[in-house]
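So the chains spell out like this:
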2 protein chains.
Amino acid sequence: MSNQQLKDAGLKITLPRLKILNILENADEKHLSAEDVYKLLLNAGEDVGLATVYRVLTQFESAGLVVRHNFEDGHAIFELSSEHHHDHMICVDSNEVIEFVDKEIEALQQKIAEEHGYELIDHNLVLYVRKKKS
Amino acid sequence: MSNQQLKDAGLKITLPRLKILNILENADEKHLSAEDVYKLLLNAGEDVGLATVYRVLTQFESAGLVVRHNFEDGHAIFELSSEHHHDHMICVDSNEVIEFVDKEIEALQQKIAEEHGYELIDHNLVLYVRKKKS
DNA sequence: ATGAATGCAAAAACTTTGCATGACG
DNA sequence: CGTCATGCAAAGTTTTTGCATTCAT
């Protein structure tokens with residue numbers, strides 16, 4: 001039950017929030033724009049306003065339930081935050097989103113920041129790729 | 001003279017294009033939004049429309065003169081394309097943009113893409129950092 | 001019952017486009 | 001001179017906000 005997740009996040013348990021959380025948990029594609037979530041809700045016969053979707057997703061982000069990414073095409077996508085951080089690869093042909101983790105890259109980023117006299121707070125890495133016709 | 005760069009790019013030499021190119025070459029901050037460029041033009045007493053700034057920057061991008069980045073805050077910034085590719089570090093306090101290059105990271109990205117059966121087309125890496133109080 | 005959450009519509013921020021006028025080669 | 005570029009204003013996108021109503025506790 002998702003109730004607990006909302007409570008833990010300090011959010012009142014409301015229908016729109018539950019519905020949106022359910023979409024994020026159960027949709028095939030885990031990387032959704034606000035519009036995507038909105039459409040999935042409509043398709044499911046749920047009556048939730050787009051403004052609410054934006055508001056709820058933003059609250060989820062503040063609560064750490066969800067991560068927001070700004071991919072290059074200008075509009076944000078949201079995904080449930082998994083325990084382990086990961087980066088993304090986007091296929092330029094199919095728009096498929098692939099997740100990956102690489103310890104070495106993470107370490108290097110840390111090193112680079114330090115070498116410049118900075119502390120690494122966060123990062124954003126997206127690889128744009130194309131399937132190899134082996 | 002910037003005339004040649006425009007010619008080489010296959011673009012007609014017009015005043016707005018020259019002025020914008022000059023801004024990009026001579027401004028202190030090398031990472032400018034369309035609005036920034038527009039304001040700098042106004043401050044310099046030049047009379048160029050914002051729509052033209054967008055059009056020209058987009059043309060420059062197509063011509064390879066300029067690179068467009070979508071930083072996380074949703075609006076695009078442009079910079080003259082230097083010979084050597086580089087990535088960016090942004091100070092979360094001052095919004096300062098620092099450029100850096102790291103061969104190892106570039107190589108790793110290539111490797112990761114390949115391991116997943118993809119060919120690396122492009123990438124986008126931004127580090128969010130904070131100055132160390134040594 | 002009270003304060004917070006929602007829905008709608010309006011606005012805001014950023015970017016693109018249509019069209020008449022003006023500039024380049 | 002013909003064509004392409006410009007400026008303005010209008011429209012498009014994506015996201016946010018104001019406000020009256022509804023909902024959760």
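An account of the accompanying structure is given in this report. (Residues numbered from 1 in each chain as written. Chains lettered and ligands numbered in written order. Predicted model: local features only at pLDDT ≥ 70, side-chain atom pairs only at ≥ 80, totals over all residues. Heavy atoms only, no water.)

**Considerations on the packing of helix 2 (residues 15-26) of chain B against helix 4 (residues 50-63) of chain B**
Residue and element names in this part refer to chain B. As a reminder of what qualifies: Axis lines are fitted to C-alpha atoms, over the contacting stretch for helices. Their N-to-C directions set the angle, which ranges from 0 to 180 degrees. Secondary structure is summarised from DSSP: a helix means a run of H or I of at least four residues, a strand means a run of E of at least two, and numbering begins at the N terminus for each. An angle below 35 degrees is read as roughly parallel, one above 145 as roughly antiparallel, one from 65 to 115 as roughly perpendicular, and any other as oblique. Should any heavy atoms of two residues lie within 4.5 Å, those residues are counted as being in contact.
At a minimum axis separation of 10 Å, helix 2 and helix 4 run at an interaxial angle of 70°. Regarding the angle of helix 2 to helix 4, the classification is roughly perpendicular. Contacts between helix 2 and helix 4 pair P16, R17, I20, L21 and L24 from the former with T52, V53, V56, L57, Q59 and F60 from the latter.

**A few points about the protein's contact with DNA strand C**
Just so we agree on the cut-off: Proximity criterion: a residue is near a molecule or strand once any of its heavy atoms comes within 4 Å of it. Polar contacts here mean pairs of N or O atoms no more than 3.5 Å apart (in protein, one a potential hydrogen donor and the other a potential acceptor; neighbouring residues in sequence count only if both atoms are side-chain atoms). The residue classification treats Ala, Val, Leu, Ile, Met, Phe, Trp, Tyr, Cys and Pro as nonpolar and Asp, Glu, Lys and Arg as charged. All others, Gly included, are polar.
In the vicinity of DNA strand C lie 20 residues, with T14(A), D47(A), T52(A), R55(A) and Y54(B) positioned nearest. Counting only atoms of DNA strand C within 4 Å of the protein, the fraction found in sugar and phosphate groups is 72%. At 3.3 Å from a phosphate oxygen of DNA strand C is found a main-chain nitrogen or oxygen belonging to I13(B). Counting residues per element, the ones that place at least two in the surface near DNA strand C are helix 2 (15-26) and helix 4 (50-63) of chain A together with helix 4 of chain B. Each residue belonging to the surface near DNA strand C can be placed in one class, and the counts come to 10 nonpolar, 4 polar and 6 charged.

**Quick word on the relation of the copies chain A and chain B**
Between the two copies of the chain lies a relationship made up of a rotation around an axis and a movement along it. What counts here: Each copy is superposed on the other by least squares, with the fit set by C-alpha atoms of residues at a pLDDT of at least 70 in both.
For the pair chain A and chain B, the superposition axis carries a translation of 0.1 Å, the fit reaches an RMSD of 0.1 Å, and the rotation angle comes to 180°. The symmetry that links the two subunits is that of a two-fold axis. Among all C-alpha atoms of chain A, that of L125(A) lies closest to the rotation axis, at 2.2 Å. By residue overlap, the copies meet face to face through one surface: 100% of the interface positions of chain A are interface positions in chain B.

**Observations concerning the nonpolar core**
Counted only if it meets this: Residue types Ala, Val, Leu, Ile, Met, Phe, Trp, Tyr and Cys, when buried and joined through side-chain atoms within 4.5 Å, form a set referred to as a nonpolar core. A simple rule labels every residue: compare its accessible area, found with a 1.4 Å probe on the protein chains alone, to the largest value its type can have, and call it buried under 20%, exposed over 50%, or partly exposed in between.
Formed by 26 residues in total, the largest nonpolar core has its most connected members in M89(A), L127(A), M89(B) and L127(B). Counting residues per element, the ones that place at least two in this core are strand 3 (87-91), strand 4 (97-100), helix 5 (103-115) and strand 5 (118-131) of chain A together with strand 3 (87-91), strand 4 (97-100), helix 5 (103-115) and strand 5 (118-131) of chain B. Non-local contacts of L127(A), meaning those with residues more than four positions away in its chain, are made with H88(A), M89(A), I90(A), F100(A), Q109(B), I112(B), L120(B), D122(B) and H123(B).

**Comments concerning the interface of chain A and chain B**
For the record, the criterion: By definition, the buried area sums, over both parts, the 1.4 Å-probe accessible area that each loses when the two are put together. Every case where a carboxyl oxygen of Asp or Glu lies within 4 Å of a side-chain nitrogen of Lys or Arg is listed as a salt bridge.
Facing 38 residues of chain A, the contacting portion of chain B comprises 38 residues. Its largest share of buried area at the contact with chain B, chain A owes to E72(A), Y118(A) and N124(A), together 20% of the area lost on that side. Joining chain A to chain B, the criterion identifies 4 salt bridges. The closest approach of N and O atoms between E114(B) and K132(A), which form a salt bridge, is 3.4 Å. In terms of residue count, the dominant contributor to the side of chain A that touches chain B is strand 5 of chain A (14 residues).

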